[in-house]
Amino acid sequence: MKIQITNGRIIDPANGLDLIGSVYIEDGVILSVGKAVAGFKPQHLIDATDQWVCPGLIDLSARFGDHAQQGLASIASESIAAASAGVTTVCCPPDTSPVIDTPAVVELINQRAARSGKTRIFTIGALTHGLAGDRLAEMYSLQQAGCVAVSNANRPVASNEILRRAFEYAASTNLTVFIQAEDHTLRNQGVINEGAFSTRLGLPPIPETAETVAVSTALLLAEQTGVRAHFCRLSTARAVNMIARAKQSGLPVTADVDICHLYLTEQDVDGYNVNCHLSPPLRRLEDQQALIQGLIDGTIDAVVSDHYPLSEDAKVAPFNLTRPGASTIEMLLPLMLDMVTRKQLSTLQALEKVTSNPARILDQNLGSLGVGCLADLIVIDPNQSWTVNRQNLRSAGKNTPFDGWELMGKITHTLLKGQTVYPALE
Amino acid sequence: MTGNNHIQLDSNGRLKHFLTTEGLSRQLLVEILDNAESFAGVAHRAVKKVPLLRGKTIVNLFFEPSTRTSTTFDLAANRLSADVVNVNLATSSTSKGESLLDTLHTLEAMHTDMFVVRHSSSGAAHFIAGHVAPHVSVINAGDGQHAHPTQAMLDMFTIRRHKRSFETLTVAIVGDIMHSRVARSDIHALKTLGVNDVRVVGPKTLMPADIESLGVRVFDNLDNALQQVDVIIMLRLQKERMLSASIPSESEYFRRYGLTQTRLRLAKPDAIVMHPGPINRGIEIESSVADSNQSVILQQVSHGIAIRMAVMAMTLGSLSGSLAKNDENPDN
């Protein structure tokens, strides 16, 4: 199959490209960018006049519902949502049901993903058996089955001794550890950032130290063990600072932030807004500013959706009885483009946070329009505005904090290995 | 910071639900106190009933155990001639939200006009008010660590009966501020009614973060905090605070934060001592102080009935403006 995407603005952060021209694709692989290919006869022609052509998005954290139950959200439903949002690769954290701690679970997810075929799903394996925190998971077997990293997700590890051993083992298996830094004893029963809002609303607070103490421990153990550490979903200014210092000292660490923390703060929880019940919690305005600054100066490498589709039942309750999480994958790209509109990031910078940088963290040859790369790419109409209406989301999870937001930027085409996965073919 | 007024008030600015004292106008709080003043007279009549809520159905929905609050709500509703249903649902922290909503809709189908709700989750009354039919009112009888607005108003009522004006008062709230919905509701009401000097007293372990943002001064030394105080509100200390490493022992707590006769002398000579009850004698308050003539703890209980009558009548729209002017015999 030969495809030509014509007359688009081609933006490819991996290769520092920003030019008007055509992209030529053959057999799912990029043949040429900008330069005409002699005698190329496309079977499929996409006119991208006034539109942008970019690598497909790589989302380092999105959940697709429980794999065991036929719940509301499934790999099938959420893959369609991902494709429509221009996300061609997602990483699924291990704290699903069942937990991703055996090759069999990885295979189950891979099979479902293959059947859907709408987006590439990478699994992140468990760091400890059952994520219970007391025994090492079979990391090598998980890696062989296809896991791209290991993580204990948001579950506690029994002791720092076990954390140290897990890091050492991951290092000797050449696996990156994804760290969701949270000290569970300091978090306690908390559901909202500790401060004036938790006090006024009477909700159990989560102190800043629940994050910073865990970041500090993980950084020291990463330094000692030499493991590659990726810090997931930072939420506090102090943690951003700690990562910046670690990077300066030459540690092989990377970090991401989720899109909600770039746009929302603890103030948005006021009135017991359950769609702003997130983990980690939304923090102060100063933290939000520091996260944005961290993106700008490169301390934070990637932005993730942290998509978490939940049923209505999970959110219809008093605040502390609801489940944390938000349906966000469809807002990821428009909100990144909004950061360009606000002049917080350049176009290349904004796109690298969701394409080439996550590819580098995963050590995968993706997220690039380089010749010979897989043709995972998207065509965006940057000038099309739309209003988020939770009921119209393609995701089965309607639990979005962005309901009613006016956003710019719509995906017009998503290609996965050269196959059109959005819009669905008639 | 926005309050909850968009949900508490109807389109005419009248009280529709009573969920928190935060954000309500001074005028409205005074109106509640004035109406309660007129209802306080009802208790001294031979027939202790008025027909204001005849034909109305009030459901007391208690998800948390309570004796005094539920009893006074029950009495208040009865004295207003409403039909009262008491529903006690012992719940664990694992109770599901969906079942809460199901329970609510089942009871609503019985043509309920008002829910009086107590629940262990902060924001529960707010949640329920957001899900009831438009004609139904909700009164918060205590939600988690958030608010207990009728307790706060009976505290204000008690203070007003003993002190001339709120503006000149110094009030100390002592003890477990962190876990106290009474403290939060009292602070909002006191500030709205014009009290400048509100002091909160307790160890850092029982003090919520950034409490100063509510306009109070923080003390960790009770002796210092009691200087020149007009009103002392003691809070109940839950026994489980020892387990959560908040305090070392009851005896040490009493030594540092217990209200004794000696300490009481640091306050103004006419200072009153209040407590939302039930009291732990010898833990937060010395017996002789609880029983002294400066203690108004029992008055608080009876004032609770008048306050709850006022709030029920106001939210169900059975009072236009203040009753105080046309009531035959306000009790002074």
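Please refer to the structure higher up on the page.
These lines cover the structure that appears in this document, whether it is placed above or below. (Residues numbered from 1 in each chain as written. Chains lettered and ligands numbered in written order. Predicted model: local features only at pLDDT ≥ 70, side-chain atom pairs only at ≥ 80, totals over all residues. Heavy atoms only, no water.)

**A few points about the sheet that holds strand β10 (residues 177–179) of chain A**
Remark on secondary structure: sheet strands pair via backbone hydrogen bonds, oriented parallel or antiparallel.
Residues and elements named next belong to chain A.
In step 1: Within the open sheet, the eight strands sit side by side as β6-β7-β8-β9-β10-β13-β14-β15. Their pairing is parallel. Each end of this open sheet is capped by a strand with a single partner; those strands are β6 (57–59) and β15 (302–304). With strand direction ignored, the average angle separating the axes of adjacent strands in the sheet is 30°.
In step 2: Sheet analysis places strand β7 (residues 87–92) next to strand β8 (residues 120–126), joined by four bridges and oriented parallel. When the bridges of β8 are listed, Cys92 appears paired with Thr123.
In step 3: Against the sheet, helix α7 (residues 209–225) contacts β10, β13 (229–231) and β14 (253–258), and its axis sits at roughly 165° relative to β13. (Pairing = 2+ DSSP bridges. Helix = DSSP H or I, 4+ residues; strand = E, 2+ residues; numbered from the N terminus. Axes fitted to C-alpha atoms, helices over the stretch in contact; angles between N-to-C directions. Contact = heavy atoms within 4.5 Å.)

**Concerning the environment of Asn60 of chain B**
Residues and elements named next belong to chain B.
In step 1: Turning to its location among the elements, Asn60 is positioned in strand β1 (residues 57–62).
In step 2: A residue is classified by how much of its surface remains accessible, and Asn60, at 1% relative accessible area, is buried.
In step 3: Remark: the alpha-carbon pair of Asn60 and Arg161, spanning 101 residues in sequence, is separated by 28 Å.
In step 4: Once you skip the residues sitting within four places of it in the chain, Asn60 turns out to touch Ser70, Phe73, Asp74, Val84, Val85, Asn86, Val87 and Val116. (Buried < 20%, exposed > 50% of the residue type's maximum accessible area, 1.4 Å probe, protein only.)

**Some words on the layout of surface pockets**
If a probe as big as a water molecule is rolled over the atoms, it shows which places are left empty.
Residue and element names in this part refer to chain A.
In step 1: Estimates place the volume of the second largest pocket at around 440 Å³.
In step 2: What lines the second largest pocket is a set of 24 residues, and nearest its centre among them are Pro156, Val157, Leu163, Glu182 and Ala214.
In step 3: For the lining of the second largest pocket, the secondary structure elements donating two or more residues are α4 (160–172), β10, α5 (184–187) and α7.
In step 4: If you tally residues by element for the lining of the second largest pocket, the top one is α7, at four residues. (1 Å grid on protein atoms, 1.4 Å probe; cavity = no way out; pocket = protein on both sides within 12 Å on 5 of 7 lines; lining within 4 Å. Points joined across faces, edges and corners; volume = space filled by probe spheres on them.)

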